[in-house]
Amino acid sequence: MTTQLHVDHFIDAKGMMCPMPIITLKKMWKDVAPGQIVAIAATDQGARRDIPTWAEATGNRLLETNEEQGVLTFYLQKTA
Amino acid sequence: MTAPTTSREHMTLSLDMEQLIRERVDELAAERVTKIVDDKIAEAMKKDPAKQKVAIIASKGTLDMAYPPLILATAAAAMDMEVEIFFTFYGLDIIKKGQADRLKVAPIANPAMPVPMPNIIGMLPGMTPLASWMMKSLYFGKHNVATVGELLDQCKDLGVKLIACQMTMDVLGYKREELLDEVEVAGAATFLAFASQAHTTLFV
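None of the values given here were measured: they were computed from a predicted structure. (Residues numbered from 1 in each chain as written. Chains lettered and ligands numbered in written order. Predicted model: local features only at pLDDT ≥ 70, side-chain atom pairs only at ≥ 80, totals over all residues.)

Q: Which residues make up the overall build of chain B, and what values do they have?
A: Per the secondary structure count, chain B includes 7 helices and 5 strands. Radius of gyration (C-alpha) of chain B: 31 Å, far over the 17 Å computed for a compact globule of 204 residues. Its C-alpha atoms put chain B at 110 × 40 × 30 Å along the principal axes. Counting over 204 residues, chain B shows a buried share of 27%. Once local pairs closer than 6 in sequence are excluded, the contacts in chain B between residues at least 24 apart make up 73%. (Helix = DSSP H or I, 4+ residues; strand = E, 2+ residues; numbered from the N terminus. Rg over C-alpha atoms; globule rule 2.2 N^0.38 Å. Buried ≥ 20, exposed ≤ 12 C-beta atoms within 10 Å, placed from the backbone. Contact = placed C-beta atoms within 7 Å.)

Structure follows, in structure tokens:
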């Protein structure tokens, strides 16, 4: 991680398989205020492409991605 | 000392100059117009409502074939798309009350099973339940994939519209009350009216 982000919500999607990580994101998104940052941790390798695609499709911003011991963490900002 | 230029030379020079300027202006204009048109097309495509709609036909009632329409439908709904699934023929079994987690997969004539089974063994009594159990527990279950029932619940939560085909219900003998409460019953025209407005239309 290069910067320290202030994370407002954390989703633990470890162990979830496609399409559950994006469904979980979608369902909690209504509780996220504009500008807030959500971190989601996933172990499904499909998430590597799917979460950035989800962010693009829904008009939200992917700030950062990192990978540590097989766990992918995505930092998303609600911009839509 | 340079020789004084004649008026004739002046004329040729300015004509060449004018030609060059014209060509360059045309080039720049073409570039600019192309950019404007491209931007407008991209903008219009972003607003295209058909881009945000997915129409799926679920025509099969086996455990393996129940997954693709439900996974794609829930994923699309999670991406803010409007989704309809039209259940027809054996696909009706997926939306039969209490049936979602009882769907089966047959090992017979299925050379792609994770543990391939010779057809002569696949035809024996008990082999279809065995293969179904294996798929549910050893493969999907072990990898923590949502069950068909869970995916149907997600469809409901995410507002995926489930439509049962009236004609095949009548032919195959499904009663309305046997199907999930959230299901709507309609015909081919209803599906086509929606599908004709959706860029993504899939037959499973």
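Here the narrative resumes, following the displayed structure.
Q: Help me get a handle on the interface of chain A and chain B, residues and values and all.
A: Contacts between chain A and chain B engage 13 residues on the former and 11 residues on the latter. Those elements that provide at least two residues to the side of chain A that touches chain B are α1 (20-29) and α2 (47-58) of chain A. Examining the composition of the side of chain A that touches chain B, we find that 5 residues originate from one element, α1 of chain A, more than from any other. Along the lines of polarity and charge, the residues of the side of chain A that touches chain B split into 10 nonpolar, 2 polar and 1 charged. (Nonpolar A, V, L, I, M, F, W, Y, C, P; charged D, E, K, R; others polar.)

Q: Please give an account of the packing of helix α2 (residues 63-78) of chain B against helix α5 (residues 148-158) of chain B that cites residues and values.
A: Residue and element names in this part refer to chain B. It is the contact of α2 with α5, at a shortest axis distance of 10 Å, that shows an interaxial angle of 30°. Judged by the inter-axis angle, α2 sits roughly parallel to α5. Handedness of the crossing formed by α2 with α5: left-handed. Residues Ala-66, Tyr-67, Leu-70, Ile-71, Ala-73, Thr-74, Ala-77 and Ala-78 of α2 lie in contact with α5, whose contacting residues are Val-148, Leu-151, Leu-152, Gln-154, Cys-155 and Leu-158. (Axes fitted to C-alpha atoms, helices over the stretch in contact; angles between N-to-C directions. Parallel < 35°, antiparallel > 145°, perpendicular 65-115°, else oblique. Left-handed = near helix turned anticlockwise from the far one by under 90°.)

Q: Break down the environment of Asp-12 of chain A for me, citing the residues and quoting the values.
A: As for its placement among the helices and strands, Asp-12 of chain A is situated in strand β1 (residues 9-13). Expressed as a C-alpha distance, the spacing of Asp-12 of chain A and Val-32 of chain A, which sit 20 residues apart in the sequence, is 16 Å.

Q: So what's going on with the nonpolar core? Residues and values would help.
A: Residues and elements named next belong to chain B. Counting 61 residues, the largest nonpolar core has Ala-73, Ile-85, Phe-87 and Val-148 as its most contacted members. Take this core: its biggest share by element is 9 residues, from α2. Ignoring sequence-local partners within four residues, the contact set of Ala-73 consists of Val-54, Ile-56, Val-83, Ile-85, Cys-155 and Val-160. (Core = buried A, V, L, I, M, F, W, Y, C linked by C-beta atoms within 7 Å.)

Q: Could you give an account of the pairing of strand β2 (residues 82-87) of chain B, naming the residues involved and the relevant values?
A: Residues and elements named next belong to chain B. Taken across its 6 residues, β2 has 5 buried, putting it largely inside the fold. Alignment of strand β1 (residues 53-58) against β2, held across 6 bridges, turns out to be parallel. In the strand pairing of β2, Ala-58 is matched with Phe-87. Running through α2, the crossover from β1 to the neighbouring parallel element β2 is right-handed. Here β2 runs beside strand β3 (residues 161-165); their pairing, made up of 4 bridges, is parallel. Residue pairing in the sheet places Glu-84 in a bridge with Lys-161 of β3. (Pairing = 2+ DSSP bridges. Right-handed = clockwise from strand over helix to strand, strands pointing away.)

Q: Outline unusual backbone geometry, supporting the account with residue identities and numerical values.
A: Looking along the chain, the bond that leaves Cys-18 of chain A and enters Pro-19 of chain A is cis, with omega of 5°. The topology assignment puts Pro-19 of chain A in the loop between β1 and α1. Phi at Gln-69 of chain A is positive, roughly 50°, even though this residue is not glycine. Among the secondary structure elements, Gln-69 of chain A is positioned in the loop between β3 (61-68) and β4 (71-77). Its 5 C-beta neighbours within 10 Å are what place Gln-69 of chain A among the exposed residues. With phi around 65°, Asn-144 of chain B is a residue other than glycine that occupies positive phi space. In this fold, Asn-144 of chain B is placed in the loop between α4 (127-141) and α5. When the 13 C-beta atoms within 10 Å are taken as the criterion, Asn-144 of chain B is described as partly exposed.

Q: A description of the sheet that holds β1 of chain B should follow, citing residues and the corresponding values.
A: All names here are of chain B. A sheet is described by the order of its strands in space; here 5 strands give the open sequence β4-β3-β2-β1-β5, paired in parallel fashion. Each edge of the open sheet carries a strand with a single partner, namely β4 (184-186) and β5 (200-203). Shown here is a sheet whose adjacent strand axes are inclined to one another by a mean of 20°, direction ignored. Set on the sheet, α2 makes contact with β1, β2 and β5; between it and β1 the angle comes to about 165°.

Taken by themselves, the reported measurements are silent on function.
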